[in-house]
Amino acid sequence: MIRVAGLADDSIVDGPGIRVTVFGQGCPHHCPGCQNPETWSFAGGVEMSEEALAARIRSNPLAKGVTFSGGEPFAQPAGFAKLAELLRADYELASYTGYTFEELYAMEDPAVRKLLGLLDILVDGRFVEAERTLTLRFRGSRNQRIIDLPRSLAAGRAVLCTAERWTGGEN
């Protein structure tokens, strides 16, 4: 089960193309200026099975990608990993996180490792109000990075995504 704050069925702001965004409920970061402070409480939202979420996502014939957001998806890594397994063959999978790649990579949690291994893209780093920007694609603050997860996991270090569809030509 995943505790869900909400879904955006036709998002064009959480990654390239038309995507379904799953907003996880609960976040330990509490970044000042967060655009989703209603997702901070771990008691809010509704519980949904990964299968029900996958069916809901698959009901959108236009979506080519799925983005996990929040809240903090890595606060529920087992549920999001199971959902990613159900969607992996048919969608590009991305996740936002307030953690850095390095913080997640150092975690001993097998569910975190599994989720990282199922994602294509990670947008990492806490939202920093002093670094807020409206000019960088799919990022809220300049410190956040768009990371190519398969290449990063193979290299054992963060490798920035260079795909223009994600970066708009900037990193």
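Structure first, text after, so check above.
Quick caveat, the model's predicted, so the values are computed rather than measured.

A. Up close: the nonpolar core. One finds Phe 68, Phe 74 and Leu 83 to be the most contacted residues of the largest nonpolar core, which totals 31 residues. Here this core gets five residues from one element, more than from any other, and that element is helix α2 (residues 77-87). Grouped together as the second largest cluster of nonpolar side chains are eight residues, Ala 94, Tyr 96, Ile 146 and Cys 161 included.

B. View of the pattern of salt bridges. One pass over the structure, following the stated rule, counts twelve salt bridges. Here Arg 58 and Asp 90 are joined by a salt bridge, their closest N and O atoms 2.7 Å apart. Taken as a pair, Arg 58 in helix α1 (residues 50-58) and Asp 90 in the loop between α2 and β5 (92-96) lie far apart in primary sequence, 32 residues in all. Residues Arg 165 and Glu 92 are paired through a salt bridge, measuring 2.8 Å at the closest nitrogen-oxygen approach. Of this pair, Arg 165 sits in helix α6 (residues 164-167) while Glu 92 sits in strand β5, placing them 73 residues apart in sequence. A residue is classified by how much of its surface remains accessible, and Arg 165, at 43% relative accessible area, is partly exposed. The exposure class of Glu 92 is buried, given its relative accessible area of 18%. Ionic contacts of the salt-bridge type, sharing partners, join the residues Arg 19, Glu 92 and Arg 165 into one network.

C. Broad picture of the environment of Ala 75. As for its placement among the helices and strands, Ala 75 is situated in the loop between β4 (65-69) and α2. For Ala 75, a relative accessible area of 31% corresponds to the partly exposed category. Each C-alpha atom, one on Ala 75 and one on Phe 42, is 9.3 Å from the other, the two residues being 33 residues apart in sequence. Setting aside chain neighbours within four positions, we find Ala 75 in contact with Gly 26 and Phe 42.

D. Representation of helix α4 (residues 110-118) within the structure. Within the span of α4, buried status applies to Ala 111, Val 112, Leu 115, Leu 116 and Leu 118. Seen along its axis, α4 keeps its buried residues to an arc of 165°; they face one direction. Tucked inside the fold, the buried residues of α4 contact β4, α2, β5, α3 (101-106), β6 (121-124) and α5 (149-155). Put simply, Asp 109 is the residue that caps the front of α4, since its side-chain oxygen is 2.8 Å from the backbone nitrogen of Ala 111.

E. Examining the sheet that holds strand β1 (residues 2-11) more closely. The strand order across the open sheet formed by seven strands is β3-β1-β2-β4-β5-β6-β7, and the pairing between neighbours is mixed. The open sheet is flanked by β3 (46-48) and β7 (145-148), the only strands paired with a single partner. Here the strands of the sheet are splayed against their neighbours by 30° on average, with no regard to which way each runs. Where β5 meets β6, three bridges bridge the pair, whose relative direction is parallel. Looking across to β6, one finds that Ser 95 is bridged to Leu 122. α2 contacts β1, β2 (19-24), β4 and β5 of the sheet and is inclined by roughly 175° relative to β4.

The rules behind the values
Chains are numbered independently. Their residues run from 1 in the order of the written sequence. Whole-chain, interface and lining totals are the exception, using all residues; otherwise, since this is a predicted model, local features are given only for residues with pLDDT of at least 70 and side-chain atom pairs are given and counted only at 80 or more. Side-chain measures here rest on the full set of heavy atoms in the structure, leaving out hydrogens and waters. Definition of nonpolar core: a set of buried residues of the types Ala, Val, Leu, Ile, Met, Phe, Trp, Tyr and Cys, connected through side-chain atoms within 4.5 Å. Burial classes: relative accessible area under 20% of the type maximum marks a residue as buried, over 50% as exposed, and values in between as partly exposed (1.4 Å probe, protein chains only). Numbering of helices and strands starts at the N terminus; helices are DSSP runs of H or I of at least 4 residues and strands are runs of E of at least 2. A pairing counts as a salt bridge when a side-chain nitrogen of Lys or Arg comes within 4 Å of a carboxyl oxygen of Asp or Glu. Whether two residues touch is decided by their heavy atoms; if any such pair falls within 4.5 Å, the residues are in contact. Note that the arc is defined by the directions from the helix axis to the C-beta atoms. Between N or O atoms, a polar contact is any pair within 3.5 Å; within protein, one atom must be a potential hydrogen donor and the other a potential acceptor, and residues adjacent in sequence are included only when both atoms are from side chains. The rule for pairing is simple: two strands pair if DSSP sees at least two bridges between them. Only C-alpha atoms enter the line fits that serve as axes; for helices the fit covers just the stretch in contact. Angles between N-to-C directions range over 0 to 180 degrees.

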